Amino acid sequence: MSSRSSSDTIAAIATPPGRGGVGIVRVSGGDAASVLRALVPKWPDDTPAHKLRLSQIRDTNGELIDESLAVYMPSPDSFTGEDVVEFQCHGGPIILRRVLDATLDAGARVAEPGEFTRRAFLNGRLDLTQAEAVADLVNATTESAHKMALEHLHGSLGGEIEELAETLTEAVVLVEAAIDFSHEEHVYQIESDEVGGRIDEVTNRLKRLRDRFDRGRRRREGIRVVILGPTNAGKSTLFNALHGTDRAIVTDVAGTTRDFLEEQLHLGGVAIRLTDTAGLRDTDDRVESLGIQRSRQLGERADLVMWVVDRSQGLTDEDRRDLQKLAEEDDRPTLVVVNKSDLPGELTDQDQQLLANFEHRFDTCLTADPPQGVEAIADALAELGAELTAAEGVLLSRARHLEAVVDALDALTRAREGLDMQMEHELIAIDLRDALDALGTITGRVDTDDILERIFSEFCVGK
Ligand SMILES: Nc1nc2c(ncn2[C@@H]2O[C@H](COP(=O)(O)OP(=O)(O)O)[C@@H](O)[C@H]2O)c(=O)[nH]1
Ligand SMILES: [Mg+2]
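Rules behind the numbers
- Residues numbered from 1 in each chain as written.
- Chains lettered and ligands numbered in written order.
- Predicted model: local features only at pLDDT ≥ 70, side-chain atom pairs only at ≥ 80, totals over all residues.
- Near = placed C-beta within 6 Å.
- Helix = DSSP H or I, 4+ residues; strand = E, 2+ residues; numbered from the N terminus.
- Nonpolar A, V, L, I, M, F, W, Y, C, P; charged D, E, K, R; others polar.
- Buried ≥ 20, exposed ≤ 12 C-beta atoms within 10 Å, placed from the backbone.
- Pairing = 2+ DSSP bridges.
- Core = buried A, V, L, I, M, F, W, Y, C linked by C-beta atoms within 7 Å.
- Contact = placed C-beta atoms within 7 Å.
- Axes fitted to C-alpha atoms, helices over the stretch in contact; angles between N-to-C directions.
- Domains from an automatic or database assignment.
- Parallel < 35°, antiparallel > 145°, perpendicular 65-115°, else oblique.
- Left-handed = near helix turned anticlockwise from the far one by under 90°.

## Describing the site of ligand 1
In the neighbourhood of ligand 1, 20 residues make up the surrounding shell, with Gly-234, Lys-235, Ser-236, Thr-237 and Asp-252 lying closest. Take the shell around ligand 1: its biggest share by element is three residues, from helix 9 (residues 235-243). When grouped by side-chain class, the residues that make up the shell around ligand 1 number five nonpolar, eleven polar and four charged.

## Things to note about the pairing of strand 1 (residues 10-13)
Burial of strand 1 is two-sided: the residues Ile-10 and Ala-12 facing one way and the residues Ala-11 and Ile-13 facing the other way are all buried. Sheet topology places strand 1 next to strand 2 (residues 20-28); four bridges connect them, and they run antiparallel. Among the inter-strand pairings, Ala-12 is bridged to a residue of strand 2, identified as Arg-26. Between strand 1 and strand 2, which follow one another and run antiparallel, lie six residues, and Gly-18 among them has a positive phi close to 105°. Where strand 1 meets strand 6 (residues 109-110), two bridges bridge the pair, whose relative direction is parallel. The partner of Ile-10 across the bridge, within strand 6, is Arg-109.

## Some points on the nonpolar core
Counting residues in each nonpolar core, the largest one holds 115 residues, and the members touching the most others are Val-25, Val-99, Val-337, Leu-432, Ala-435 and Leu-439. Residue contributions to this core peak at ten residues, all from helix 6 (residues 156-181). In this structure, Leu-439 is in contact with Ile-161, Leu-164, Ala-165, Ala-404 and Ala-408, ignoring residues within four places of it in sequence.

## A look at unusual backbone geometry
With an omega of 0°, the peptide bond running from Ser-75 to Pro-76 counts as cis. Here Pro-76 is to be found in the loop between strand 4 (64-73) and strand 5 (84-91). The step from Asp-369 to Pro-370 runs through a cis peptide bond, and the omega angle for that step is 0°. Among the structural elements, Pro-370 can be located in the loop between strand 12 (360-363) and helix 13 (374-389).

## With respect to the sheet that holds strand 6
Taken in spatial order, the six strands make up an open sheet running 3-4-5-2-1-6, and their pairing is mixed. The sheet is open, and its two borders are formed by strand 3 (53-58) and strand 6, each paired with just one other strand. Summarising the sheet, strand 2 and strand 5 pair through eight bridges and their orientation is antiparallel. Opposite Arg-26, over in strand 5, you have Glu-86 as the bridge partner. Of the strands in this sheet, strand 1, strand 2, strand 3, strand 4, strand 5 and strand 6 are in contact with helix 2 (residues 93-105), which crosses strand 2 at around 10°.

## As for the domain arrangement of the chain
The assigned domain composition of the chain is domain 1 (10-111), domain 2 (133-212 + 396-456) and domain 3 (229-386). Averaged C-alpha coordinates put domain 2 and domain 3 at centres separated by 42 Å. Residue-level contacts link five residues of domain 2 with four residues of domain 3. Looking at the side of domain 2 that touches domain 3, its residues break down into one nonpolar, three polar and one charged.

## Describing the packing of helix 3 (residues 115-122) against helix 4 (residues 128-139)
Relative orientation of the contacting elements helix 3 and helix 4 amounts to 160°, with a least axis distance of 9 Å. Taken together, helix 3 and helix 4 sit at an angle that is classed as roughly antiparallel. Regarding helix 3 and helix 4, the two cross each other, and that crossing is right-handed. Contact residues: Thr-117, Ala-120 and Phe-121 in helix 3; Leu-128, Ala-131 and Val-134 in helix 4. By residue class, the composition of the contact of helix 3 with helix 4 is five nonpolar, one polar and no charged.

## Things to note about the pairing of strand 7 (residues 223-228)
Where burial is concerned, most of strand 7 is hidden: six out of the six residues are buried. Residues of strand 7 alternate between two faces, with Ile-223, Val-225 and Ile-227 on one and Arg-224, Val-226 and Leu-228 on the opposite face, all of them buried. Taken together, the five bridges between strand 7 and strand 9 (residues 270-276) define a ladder with parallel strand orientation. The partner of Ile-227 across the bridge, within strand 9, is Asp-276.

This is the structure we're talking about:
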């Protein structure tokens, strides 16, 4: 058994805490083979690599811990690219704890969260988008999040970015070649079309990625749905009815909800991050007015707004202003919920007209048992949620991808202007290289130590 890795050897329990049918202890690094020998003294040297073998696992004093399957996956054909050993034990906490301790006695150290995947990245087994996809795959709670993570793991995003980087590299080569010949007048012209065409192509494809970022973000994090409206309209009651709990406090005291509450719902294959907010009204209460400020901010960041009004109270001038704005200036989907249909009182014709601007209107009685109108709202959320996450082709999924794409686009805009203005070739080359560097941070081709810290800190241990 040999190793090509120079790093130390790490070990972790890779399965979740608690009891289970199987529990796995994973070891990776240059000493993995000697850890295996220490725990399974009778491991035959001629055992084929990657083959599970029923083995007696012992601690370093020779005491039997478990009878389990063990496998040896030598470098480079393993997840990390290093020598890897896995013990697939009976899934009891004592067994796993003792097997892990035994690997430590045999020279391994406890792995940090994400360290296996980080090594896979550092050894070139995965690019950064694929490493992120490993975490996303584990964390996915919906079909659409799972699908995107799987595509990214297969390299769809990394591949797209690499293709764009290749095209840009061709442009850099052309520009830098022209630097050497810039005394010959005709060279500039030829190279200018060739370079310009490449810049434009990459620019267009990056813009497409940028414009669809929200779709990937919604798949990964869930759709932000914010319940807004005047105080006492029944927002918290709606929040509870959709969530199926008494999570939010409901009272007839106006201004009960002062902070916001968030819960995750799953509706028809999409995740919804449902937020209940403080009602919008003029108030002298300092805490409440901070809450209202926050409601407005949350409303601005929402993918979809649910506006609740109390039919028996009618609309205030402020409600009308807010609704007018949503109807006219906002292209986000808005659900209008006209609540308290059990109480007397009717909206004026003028207000009915204002509400008719909204495609999705629901009349509810949320205090009925069961609440009336909630199912229709849930159906609409599921349908709109599917539309808000629908997309063909590659998607960006994280804010850091978007930042990099925006940086690359800025640099490309400068490069294109430089080209059009026939600026020095050297300056154009610098802008093109800036764009390349920005793209390189997405896949991890460019030095990204600080990014690595951020990415791998969100992993669980054993991944
Ligand atoms: N009659 C009636 N009362 C309701 C209805 N929905 C909510 N309420 C009541 O209206 C009051 C305010 O509800 P709440 O959900 O706290 O409103 P919020 O301030 O918008 O969060 C509470 O007393 C609720 O029980 C309804 O459909 N009919
Ligand atoms: Mg409330």
